[in-house]
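Below are the chains, spelled out letter by letter.
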Amino acid sequence: MDNKYSGQTPKTFKEKWDNYWYHYKFRTIVGIALGVMAIFLIKDVFFKPKYDITITYLVKGYIDLGDYASKDEGDYVELENMLMEYIDDYNGDGKKNIDIRLVELPAVEDVENLQLYNAMSAKFMSEFAIGNMALYIMPPELVESMDMTDKFLNLSEKYPDNSRMEGLGMYIGDALEDAGIKVNEGEGYIFLRDGNASGEKQYEADVKFFESIMNALGERAE
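Quick notes on the rules
Residues numbered from 1 in each chain as written. Predicted model: local features only at pLDDT ≥ 70, side-chain atom pairs only at ≥ 80, totals over all residues. Heavy atoms only, no water. Helix = DSSP H or I, 4+ residues; strand = E, 2+ residues; numbered from the N terminus. Buried < 20%, exposed > 50% of the residue type's maximum accessible area, 1.4 Å probe, protein only. Contact = heavy atoms within 4.5 Å. Polar contact = N/O pair within 3.5 Å; in protein donor to acceptor, adjacent residues only side chain to side chain. Pairing = 2+ DSSP bridges. Core = buried A, V, L, I, M, F, W, Y, C linked by side-chain atoms within 4.5 Å. Phe/Tyr/Trp six-rings, centres within 6.5 Å; stacked < 30°, edge-to-face > 60°. Lys NZ or Arg CZ within 6 Å of the ring centre and 35° of its normal.

> I tried to follow the side chain of Thr54 on my own but got confused; where do I start?
Examined against the element boundaries, Thr54 turns out to sit in strand β1 (residues 53-59). Residue classification places Thr54 among the buried positions, given a relative accessible area of 18%.

> Whenever I open this one, the environment of Asn91 confuses me. Can you help?
Here Asn91 shows up in the loop between α2 (77-84) and β2 (98-104). Taking the C-alpha atoms as reference points, Asn91 and Ala205, 114 residues apart in sequence, are found 8.2 Å from one another. Those residues in contact with Asn91 that lie beyond four places of it in its chain are Lys50, Tyr51 and Asp52. At a separation of 3.1 Å, a polar atom in the side chain of Asn91 contacts the main-chain amide nitrogen of Asp93.

> Would you explain the pairing of strand β6 (residues 189-192) in this entry?
Two faces make up the sheet, and in a regular strand the side chains alternate between them. With burial as the criterion, each face of β6 is covered, one bearing Tyr189 and Phe191 and the other bearing Ile190 and Leu192. Here three bridges tie strand β3 (residues 135-137) to β6, and the two strands are oriented antiparallel to one another. Counted as the bridge partner of Ile137 is Ile190 from β6. Where strand β5 (residues 169-171) meets β6, two bridges bridge the pair, whose relative direction is antiparallel.

> For this particular structure, what's the right way to read the nonpolar core?
Nonpolar side chains in soluble globular proteins generally cluster together in the buried interior. Judged by nonpolar contacts, the single largest core of 35 residues is most densely connected at Phe209 and Phe210. Contributions of two or more residues to this core are made by β1, α2, β2, β3, α6 (173-178), β6 and α7 (200-217). With eight residues, the single largest contributor to this core is α7. If we ignore the near neighbours within four places in the chain, the residues touching Phe210 are Leu135, Leu155, Tyr159, Met165, Met170, Ile190 and Leu192. One finds Phe128, Met138, Met146 and Leu168 within the second-largest nonpolar core, a separate group that totals 17 residues.

> I'm lost on unusual backbone geometry in this one. Help?
Among all residues save glycine, negative phi is the norm, and among peptide bonds the norm is trans. We note that Asp147 has phi near 55°; this positive angle belongs to a residue other than glycine. Structurally, Asp147 is set in the loop between α4 (140-145) and α5 (155-158).

> Just to check I follow, could you spell out the packing of aromatic side chains for this structure?
The full count for this structure, using the stated rule, is eight aromatic pairs. An angle of 35° between the planes, with centres 5.9 Å apart, marks the rings of Tyr159 and Phe210 as tilted. With Tyr159 in the loop between α5 and β4 (165-166) and Phe210 in helix α7, the pair connects residues that are 51 residues apart, well separated along the chain. Judged by its relative accessible area of 0%, Phe210 falls in the buried class. Here the aromatic cluster, defined as three or more aromatic residues joined through ring pairs, consists of Phe124, Phe128, Tyr136, Phe152 and Phe191. Here the basic side chain of Arg193 rests over the ring of Phe128, its NZ or CZ set 3.9 Å away from the ring centre. Its end group placed over the ring of Tyr171, Arg220 keeps NZ or CZ at 3.8 Å from the ring centre.

So this is what it looks like as structure tokens:
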């Protein structure tokens, strides 16, 4: 085999390494890159938390969730602690985990960059269209303005005797405020989609979680 040293046999470690790098540099770099990718893939598959419930919290404007650990990770202590009261180990892994997807969608009149606002709205709607989440805490106004009314169950019809139901949503604003979360007028409603693209088992868990909240909160105070 031809080598870097013009027919001479490399003898020292440095010469052998230089000769190896001369012939296998590209393959070595590719191999290292694939190895790193494999490590991250294994990490995601075996060590990533398996969530029992995924829920989206969407409001217009800034979200005041009180004390939180890390905004980047969505680890909002107040909201998470409140919702964890109603969750169960739906996936049977021996743990109770909830994934909260936080979406801040400012009012149009408060946005200087309309293109950015449109991009944020489009991103949310594209994720919504995928349909792999069934639970949303958001203002009824946004459900209507974003033309999503046909995607949610009519909770007033499904649970006609519960005073918390208002059209498509169930009011939980009082529970959010009790947990230290600021709730503006017209906010504090949870919605349940009519299915979950993640599968029937996950949707059953979503419904159980929703009904757990409903049963725990009881009737809405006058």
